[in-house]
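Chain by chain, the residues run as shown.
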Amino acid sequence: MQNLKPTTKGKLASFFRRKNKVNAIIKSQHPDFRIVVNRSNRYIKAQLLDKTGNVIGFACDKGLKWETKSQTAHAAWLLLAKTIKDKKIEKVVFDRNGYLYHGRVKSFVEGLREGGVVL
């Protein structure tokens, strides 16, 4: 981080501060299952992890085509909700991984709730 501009340093520092805070809160609850979100400029991905950190399910909006990225994310998470229901998992904790709760991350959670997942 030494060669970055001051504004970029500030944004990265804020992101890592949020990420550490969110992870500390979630891991202190000792959830059985959690969904971890990873976001890039083009796609959004999520993994369903169990207590030990093994990946149980995975969703990505890479192959889906909608008008906006938020709509694409919403459709992809309906598919993940179906996978969670097939595995008969009742409650899941959502780990936003330091990202702010708006835009694609928010539409992801709305898609999960529409799919019948309890967060």
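Residues numbered from 1 in each chain as written. Predicted model: local features only at pLDDT ≥ 70, side-chain atom pairs only at ≥ 80, totals over all residues. Heavy atoms only, no water.

Peer 1: Just to check I follow, could you spell out the overall build of the chain for this structure?
Peer 2: Helix and strand content of the chain: 3 helices and 4 strands. Seen in sequence order, the chain has helices and strands lined up from the N terminus as α-β-β-β-α-β-α. Against the compact-globule benchmark of 14 Å for 119 residues, the chain has a radius of gyration of 15 Å, which places it among compact chains. Dimensions of the chain along its principal axes, counting C-alpha atoms only, are 45 × 40 × 20 Å. (Helix = DSSP H or I, 4+ residues; strand = E, 2+ residues; numbered from the N terminus. Rg over C-alpha atoms; globule rule 2.2 N^0.38 Å.)

Peer 1: So what exactly am I meant to see when it comes to the packing of helix α2 (residues 69-86) against helix α3 (residues 104-114) here?
Peer 2: The description of two packed helices rests on the angle between their axes and on the distance between the axes. Direction vectors running N to C along α2 and α3 enclose 35°, while the axes themselves pass 7 Å from each other. Read as a crossing pair, α2 and α3 show a hand that is right-handed. Contact residues: K69, S70, A73, H74, W77, L78, L80, A81 and I84 in α2; R104, S107, F108, E110, G111, L112 and E114 in α3. A breakdown of the residues in the contact of α2 with α3 according to their chemical character gives 8 nonpolar, 4 polar and 4 charged. (Axes fitted to C-alpha atoms, helices over the stretch in contact; angles between N-to-C directions. Left-handed = near helix turned anticlockwise from the far one by under 90°. Contact = heavy atoms within 4.5 Å. Nonpolar A, V, L, I, M, F, W, Y, C, P; charged D, E, K, R; others polar.)

Peer 1: Help me out: how do you make sense of helix α1 (residues 6-28) in this one?
Peer 2: Spacing of three or four residues puts side chains on the same side of an α-helix, whose turn is 3.6 residues. Along its 23 residues, α1 runs 33 Å from first to last C-alpha, staying within 8% of the 33 Å computed at 1.5 Å per residue. All buried positions along α1 are accounted for by F15, V22, N23 and I26. Close packing links the buried residues of α1 with β1 (33-39) and β4 (93-95). (Expected span 1.5 Å × (residues − 1). Buried < 20%, exposed > 50% of the residue type's maximum accessible area, 1.4 Å probe, protein only.)

Peer 1: How should I be thinking about the side chain of T72 in this particular structure?
Peer 2: Tracing the sequence through the fold places T72 in helix α2. Look at T72 and you get buried, because its relative accessible area is 7%. Within polar-contact distance, the side chain of T72 engages the backbone oxygen of T68 at 2.9 Å. When neighbours within four sequence positions are excluded, T72 is seen to be in contact with D61, L64 and W66. (Polar contact = N/O pair within 3.5 Å; in protein donor to acceptor, adjacent residues only side chain to side chain.)

Peer 1: Got a minute to help me understand a positive patch on the surface in this structure?
Peer 2: Together, R42, K45, K62 and K65 make up a region of like positive charge exposed at the surface. Summarising the element assignment, K65 is placed in the loop between β3 (55-60) and α2. (Patch = residues over 30% accessible without salt bridge, like charges linked within 9 Å, V, L, I, M, F, W, Y side chains within 5 Å. Areas by Shrake-Rupley, 256 points an atom, 1.4 Å probe, with all protein chains shown as cover. Salt bridge = Lys/Arg side-chain N within 4 Å of Asp/Glu carboxyl O. Lys, Arg positive; Asp, Glu negative; His and termini not counted. Charge placed at Lys NZ, Arg CZ, Asp CG, Glu CD.)

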